[in-house]
Amino acid sequence: MTRDEIRAVYDAGPEAVLALIEQMQATIAALAARVKRLEDQLATKSHNSSKPPSSDGFAHQTKSRREKSGKPPGGQPGHPGQTLRMVPDPQHTVTHFPGRCPCCDRELADVPATEVEARQVFEVPLAPIEVTEHQVGTKTCPRCGHVARGAFPAWVTQPVQYGPRLLALLVYLVVFQMLPWKRTRELIADLFGVWVGGGTLATAVERCCSGLAATTERINEAIRQAPCVGFDETGVRIDGKLHWWHTASTPALTHYHVHSKRGREGMAAGGILPGFGGRAIHDGWSPYWGYGCDHALCNAHHLRELTYLVEREGQAWAGEMIAVLVGADRAVEAARAAGARELDTGTLGAIEAEYRRLVAAGWEANPAPAAPGETDPAGPRRGRPAQSKARNLLSRLQRYERETLAFLYDFEVPFDNNQAERDLRMMKVQQKVSGGFRSDEGAHGFGRIRGYLATMRKQAQPMLTALENVFHGHPFVPSLSA
C-alpha cells in the first residue's frame, strides 16, 4: 500500500485500521505457513524421509545409524581374505632363462637351469569367438540293414546360430548388469570380435523370458507359502506412461511384476498377496491393510520420520522413540545370538511400556489443529483440518502397535523392510540407465528374468550358468525355502 492509501485508512477511523491489521495478520500467517512448507520440503533428505539417497545431492552426506565398531578399516584378524594362490598346473609356462653366457658368450640352450623361481600371472583370455559345427549323419547296420540317423541337440535349431553361452551373456549384461543395448553389443564386439545385431539381443531376452515361465511360477508359489514376505512398489515409465513395479521378497526369493495401477489392483496382479497366509511386511500404505494376512510395519520408515521430527521440530519424544526402537532391535539380536526364541517377559514388558509412554508424550506435544470455524490467524478454514507429520505418525504408531513391534514377538519377523527395498532399488537403477521401457512386454520380460537372477544371486548360484541352462531348456530350480 502507498502512504496515501494507508493515511486514507487511518482517516477512516479505528475500525478501518483494525480491519487492515487483521487482513495483514492473515496474509503474514499464510505466507509464514507457505515458507515453512517450503523449508520442510528442502529439509527432507534420505535419512529423514522416504526420498532416495540419490536425491540428496553432493552437498549432503548420508547419515548412518550404525555405531562405530572401533575396529580399524579393512580385513580383520582371522578374515580368510581373497588372496591369489599359486596353482600346481598352469595352462601356460613361459621360461626366461639366459640364452648365452654374458661373460664368454657361450650358447646355454643345453645347460639345465637351477634355482628356478616361479611367478604366476592370472589373466582373462581374449580370443575370437569359437564356432562348433554339429553334424548329423545316417548309418546302416551291417547286421540287420536298419538305417539309423542321428539327431541334433534340441537347442541347435538353425543352420547358423549363436550358442547358449553367448545368449546367456547378452541377457546377463542387459538385465542383471543393466547395460544399454548398444553398449552391450559394443562390449561383445570388443571382447570376442563379433557384432551382435539388435534383433538377436531382443530374441535372446524373449527366449529367456518364455523359458522361465514355469520356474517363475515355482518361485511365486514358494513366496506364497513363506512365513514372512516384504512387499514394496515404485514407479516406472512404459511408453511414456506411469506404471508400477511391485516386488515380493524374502532372503532367498524375489518376485517382480509390473502393472498400470499402484494400489489393490496392481498388487493382486502378481498373484501373491491374494490368499497369502503369512505376514506381509510393508510401509503401511492403506491398500496393504485390505488383505487378511498378518502384517508388520517397516521400522526403517518410522526411524526416518522420527528423525525428521527431531531435526525440524525439536520434538524430544521422537528422539526417545528412536532409542527405544533401536534398543529393542538390539535386544532381539542379542537374544537370538544367545539361542533364545523369544524375549523374556520383563524385557518385553519394559519395551512396550516405554513405547506407549512416548506415544502419549507425542500426543501431548502435538495437540489437534483448530477445527473448522474456530479462530485461526490465517482466517476461517473449510473442511477437515490437515494433520501434521507428527500426528500422522502418532496415529500409525498407536493404531498399529503390534504390527510395529511384531519383530519383538516373532524373531522371524525382520525389524524393517529393507530386503524388499533393496530388491526394488535395482529397478530404479535400470530406469536411470534407460529412462523406462517401450512396451509392456519388454517390462514384463525384464521383471521375470530379473526376479530369477536376483533369486540365483541370493542362493549363491553362478549367474551365467543359470542363464545358460535356460537356453538349454532346463533352468536351474532354486531352493524353494524362503
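Please refer to the structure higher up on the page.
Cut-offs and rules
Residues numbered from 1 in each chain as written. Predicted model: local features only at pLDDT ≥ 70, side-chain atom pairs only at ≥ 80, totals over all residues. Heavy atoms only, no water. Buried < 20%, exposed > 50% of the residue type's maximum accessible area, 1.4 Å probe, protein only. Helix = DSSP H or I, 4+ residues; strand = E, 2+ residues; numbered from the N terminus. Contact = heavy atoms within 4.5 Å. Phe/Tyr/Trp six-rings, centres within 6.5 Å; stacked < 30°, edge-to-face > 60°. Lys NZ or Arg CZ within 6 Å of the ring centre and 35° of its normal. Core = buried A, V, L, I, M, F, W, Y, C linked by side-chain atoms within 4.5 Å. Pairing = 2+ DSSP bridges. Polar contact = N/O pair within 3.5 Å; in protein donor to acceptor, adjacent residues only side chain to side chain.

Enquirer: Sorry if this is basic, but what is going on with helix α16 (residues 463-472) here?
Expert: Given 3.6 residues to a turn, an α-helix orients residues that are three or four positions apart in the same direction. With respect to burial, α16 is a largely interior element, 7 of its 10 residues being buried. Buried residues in α16 make contact with α3 (164-176), α5 (198-211) and α15 (440-458). At the exit of α16 stands G473, carrying a positive phi of roughly 95 degrees.

Enquirer: Looking at this model, I keep getting lost on the packing of aromatic side chains. Mind explaining?
Expert: What describes a pair of aromatic rings is the distance from one ring centre to the other and the angle between the planes of the rings. Counted under the stated rule, the structure contains 8 aromatic pairs. Here the aromatic rings of W245 and Y256 are separated by 6.4 Å at their centres, their planes lie at 70 degrees, and the arrangement is edge-to-face. Taken together, the positions of W245 in strand β4 (residues 241-249) and Y256 in strand β5 (residues 254-259) put the pair 11 residues apart, joining distant regions of the chain. Each member of the pair, W245 as well as Y256, is classed as buried. Ring-pair connections join several aromatic residues into one group, and the members of that group are W245, Y256, F437 and F446. The side chain of R262 reaches across the aromatic face of W285, ending 4.1 Å from its centre. The ring of Y291 carries the charged tip of R264 above its face, separated from the ring centre by 4.1 Å.

Enquirer: Any chance you could explain the nonpolar core here in plain terms?
Expert: Soluble globular proteins tend to bury their nonpolar side chains together. The biggest cluster of nonpolar side chains holds 41 residues, and the ones touching the most others in it are V171, I188, C208, W245, I449, L453 and L467. Residue assignment for this core shows that the elements contributing at least two residues are α3, α5, β3 (228-238), β5, α14 (418-434), α15 and α16. No other element matches the 11 residues that α3 contributes to this core. Not counting chain neighbours up to four residues away, the residues in contact with I188 comprise L166, L169, L170, L173, G193, V194 and V196. Counting residues in hydrophobic clusters, the runner-up holds 29 residues, among them M321, V324, I351 and L397.

Enquirer: How should I be thinking about unusual backbone geometry in this particular structure?
Expert: Both trends apply: most residues other than glycine have a negative phi, and most peptide bonds are in trans. In the Ramachandran plot, D105 falls in the positive-phi region, its phi being about 70 degrees despite a non-glycine side chain. Here D105 shows up in the loop between α2 (14-43) and β1 (138-140). The exposure class of D105 is partly exposed, given its relative accessible area of 48%. For A460, which is not a glycine, the phi torsion comes out positive at approximately 60 degrees. Turning to its location among the elements, A460 is positioned in the loop between α15 and α16. Its relative accessible area of 67% is what places A460 among the exposed residues.

Enquirer: How should the pairing of β5 be read in this particular structure?
Expert: Every regular strand shows the same layout, with side chains that alternate between the two sheet faces. Among the 6 residues that make up β5, 6 are buried, leaving the element largely enclosed by the rest of the structure. Two elements, β4 and β5, share 6 bridges in a ladder whose sense is antiparallel. When the sheet's bridge partners are listed, S249 is paired in β5 with T254. Count of turn residues in the β4/β5 antiparallel hairpin: 4 residues.

Enquirer: Would you mind going over the side chain of H282 with me for this structure?
Expert: Positionally, H282 belongs in strand β6 (residues 279-282). Residue H282 is classed as buried on the basis of its relative accessible area, which comes to 0%. Looking at H282, its side chain comes within polar contact range of the side chain of H295, at 2.9 Å. Setting aside residues up to four positions removed in sequence, H282 forms contacts with F231, Y288, W289, H295, A296, L297, C298 and N417.

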